[in-house]
Amino acid sequence: MKIVESTPHIEVTDAELFAKTVLMPGDPLRAEYIANTYLKDVVKINSVRNMFAYTGYYKGKKVTVMGSGMGMPSIGIYSYELFNHYGVENIIRIGSCGSYVGEIDVYDVVVATDAYSESTFAKVAYGYEEDVLKPDAILSKKINDCAFKLGYKVVNGRVHSGDVFYRNNGDVMVDVVANHHCDVVEMESFALFANAKYLGKHAACILTVSDSFISHKVTTAAERQTSFNKMMEIALETAISE
């Protein structure tokens, strides 16, 4: 047992309740689904603000899965506290994204090579001037290796981490796709990568396409919550890989 104070957002007072690797979907109900579907001897360790966290065992190895909420401010808080306060070493974001390009369609699995953002998150937090941040190379390679071993096809591409969901100013397909060569869009990875860089930790991101700007296909909320199993299995295998 490693006693720590709880934070305003996480009620855990024993840091050892967290595994060294945490899988972070945005939706806490997706965290619940993963825990109930894949983990054994599961314990619910956080419910503050209904941001559920569970620790259990996958193939005999300890894994934690915890929701991050939507957007960079939310994942920025939770990932910082996990890294800095609870001693977590690795966070793998497992989320949904929209596709900007025709060759990436609904239900395709995407491993982030880097994340572009217009956000000021990294500059305000740490003075970073870059608008592109990278995940941990070793952790990302493990994700690709585990996908290959499972026989699951993945695409590696640049993620656009946006601060704005409803946008009526400018042309995103020009501003982001043409000018910054982004393949998919979500709202969290850039902040996660910034925190990991600053704190000397390891972060990566694997996404499933929930909708397409090109084909205009969409998935339902229920499908996003429970049907992205390939991504989940790849992340779990990565979490227990040596």
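Residues numbered from 1 in each chain as written. Predicted model: local features only at pLDDT ≥ 70, side-chain atom pairs only at ≥ 80, totals over all residues. Heavy atoms only, no water.

*Asks:* Explain helix H6 (residues 189-199) here, please?
*Replies:* Each α-helix turn comprises 3.6 residues. Residues three or four places apart therefore point the same way. Among the 11 residues that make up H6, 8 are buried, leaving the element largely enclosed by the rest of the structure. Among all positions in H6, only Ser 189, Phe 190, Ala 191, Leu 192, Phe 193, Ala 194, Asn 195 and Ala 196 are buried. Just downstream of H6, Gly 200 is the residue with a positive phi angle, here 70°. (Buried < 20%, exposed > 50% of the residue type's maximum accessible area, 1.4 Å probe, protein only. Helix = DSSP H or I, 4+ residues; strand = E, 2+ residues; numbered from the N terminus.)

*Asks:* Help me out: how do you make sense of the side chain of Asp 183 in this one?
*Replies:* For Asp 183, the location among the structural elements is in the loop between helix H5 (172-180) and strand E9 (184-186). Despite being buried, Asp 183 has no salt bridge partner; Arg 158 is the closest side chain of opposite charge, sitting 6.9 Å away. Those residues in contact with Asp 183, other than ones at most four positions away along the chain, are Gly 98, Ser 99, Tyr 100, Val 101, Ile 104, Gly 157 and Arg 158. (Lys, Arg positive; Asp, Glu negative; His and termini not counted. Salt bridge = Lys/Arg side-chain N within 4 Å of Asp/Glu carboxyl O. Contact = heavy atoms within 4.5 Å.)

*Asks:* What should I look at first to understand helix H1 (residues 28-38) in this one?
*Replies:* Taken as a whole, H1 has its buried residues at Pro 28, Arg 30, Ala 31, Tyr 33, Ile 34, Ala 35 and Tyr 38. Where H1 starts, the residue carrying a side-chain oxygen 2.8 Å from the main-chain nitrogen of Leu 29 turns out to be Asp 27. (Polar contact = N/O pair within 3.5 Å; in protein donor to acceptor, adjacent residues only side chain to side chain.)

*Asks:* When you look at the environment of Met 232 in this model, what are you seeing that I'm missing?
*Replies:* By secondary structure assignment, the location of Met 232 is in helix H8 (residues 229-240). Residue Met 232 is classed as buried on the basis of its relative accessible area, which comes to 0%. Once the C-alpha coordinates of Met 232 and Val 176 are considered, the two residues, 56 residues apart in sequence, prove to be 28 Å apart.

*Asks:* What is the right way to read the packing of helix H4 (residues 137-150) against H8 from this model?
*Replies:* Relative orientation and spacing of two packed helices are given, respectively, by the angle between their axes and the distance between those axes. Across the interface, H4 lies against H8 with an axial gap of 9 Å and an inter-helix angle of 120°. Taken together, H4 and H8 sit at an angle that is classed as oblique. Like other packed secondary-structure pairs, H4 and H8 cross with a definite hand, here right-handed. Each of Leu 139, Lys 142, Ile 143, Cys 146, Ala 147 and Leu 150 in H4 lies in contact with H8, whose residues at this interface are Glu 233, Ile 234, Glu 237 and Thr 238. Class assignment of the residues belonging to the contact of H4 with H8 gives a composition of 6 nonpolar, 1 polar and 3 charged. (Axes fitted to C-alpha atoms, helices over the stretch in contact; angles between N-to-C directions. Parallel < 35°, antiparallel > 145°, perpendicular 65-115°, else oblique. Left-handed = near helix turned anticlockwise from the far one by under 90°. Nonpolar A, V, L, I, M, F, W, Y, C, P; charged D, E, K, R; others polar.)

*Asks:* Please explain the pairing of strand E5 (residues 90-99) as it appears in this structure.
*Replies:* When you tally the buried positions in E5, you get 9 out of 10 residues, the bulk of the element. The pairing of strand E1 (residues 21-24) with E5 spans 4 bridges and is parallel. Bridged to Thr 21 within E5 is Asn 90. With 10 bridges joining them, E5 and strand E10 (residues 202-212) adopt parallel strand pairing. Within the sheet, the bridge partner assigned to Ser 96 lies in E10 and is Thr 208. Sheet topology note: the E5/E9 ladder contains 2 bridges and is antiparallel. If you follow Ser 99 over to E9, its bridge partner there is Val 184. (Pairing = 2+ DSSP bridges.)

*Asks:* Honestly, the packing of H1 against H8 in this entry has me stumped. Any pointers?
*Replies:* At a closest axis distance of 12 Å, the pairing of H1 and H8 adopts a crossing angle of 70°. Relative to H8, the element H1 is oriented roughly perpendicular. Handedness of the H1/H8 crossing: right-handed. The residues of H8 that touch H1, namely those facing Arg 30, Tyr 33, Ile 34 and Tyr 38, are Asn 229, Met 232, Glu 233 and Leu 236. Class assignment of the residues belonging to the contact of H1 with H8 gives a composition of 5 nonpolar, 1 polar and 2 charged.

*Asks:* Just to check I follow, could you spell out the packing of aromatic side chains for this structure?
*Replies:* Each aromatic ring pair is described using two quantities: the centre-to-centre distance and the angle formed by the ring planes. Under the defined criterion, the tally for this structure stands at 7 aromatic pairs. With centroids separated by 6.2 Å and ring planes inclined at 85°, the aromatic side chains of Tyr 107 and Phe 228 adopt a geometry described as edge-to-face. Of the two residues, Tyr 107 is situated in the loop between E5 and strand E6 (109-116) and Phe 228 in the loop between helix H7 (221-226) and H8; the sequence distance between them amounts to 121 residues. The exposure class assigned to Tyr 107 is partly exposed, which follows from its relative accessible area of 37%. Through a chain of ring-to-ring contacts, the aromatic side chains of Tyr 126, Tyr 128 and Tyr 198 assemble into a single cluster. (Phe/Tyr/Trp six-rings, centres within 6.5 Å; stacked < 30°, edge-to-face > 60°.)

*Asks:* When you look at unusual backbone geometry in this model, what are you seeing that I'm missing?
*Replies:* The bulk of non-glycine residues show a negative phi, and the bulk of peptide bonds are trans. One non-glycine residue with positive phi stands out, namely Arg 49, at about 60°. By the element assignment, Arg 49 lies in the loop between strand E2 (40-46) and strand E3 (53-58). Overall, Arg 49 belongs to the exposed group, its relative accessible area being 67%. One non-glycine residue, His 216, lies in the positive phi region at around 65°. Within the secondary structure layout, His 216 lies in the loop between E10 and H7. By relative accessible area, His 216 is classed as exposed at 61%.

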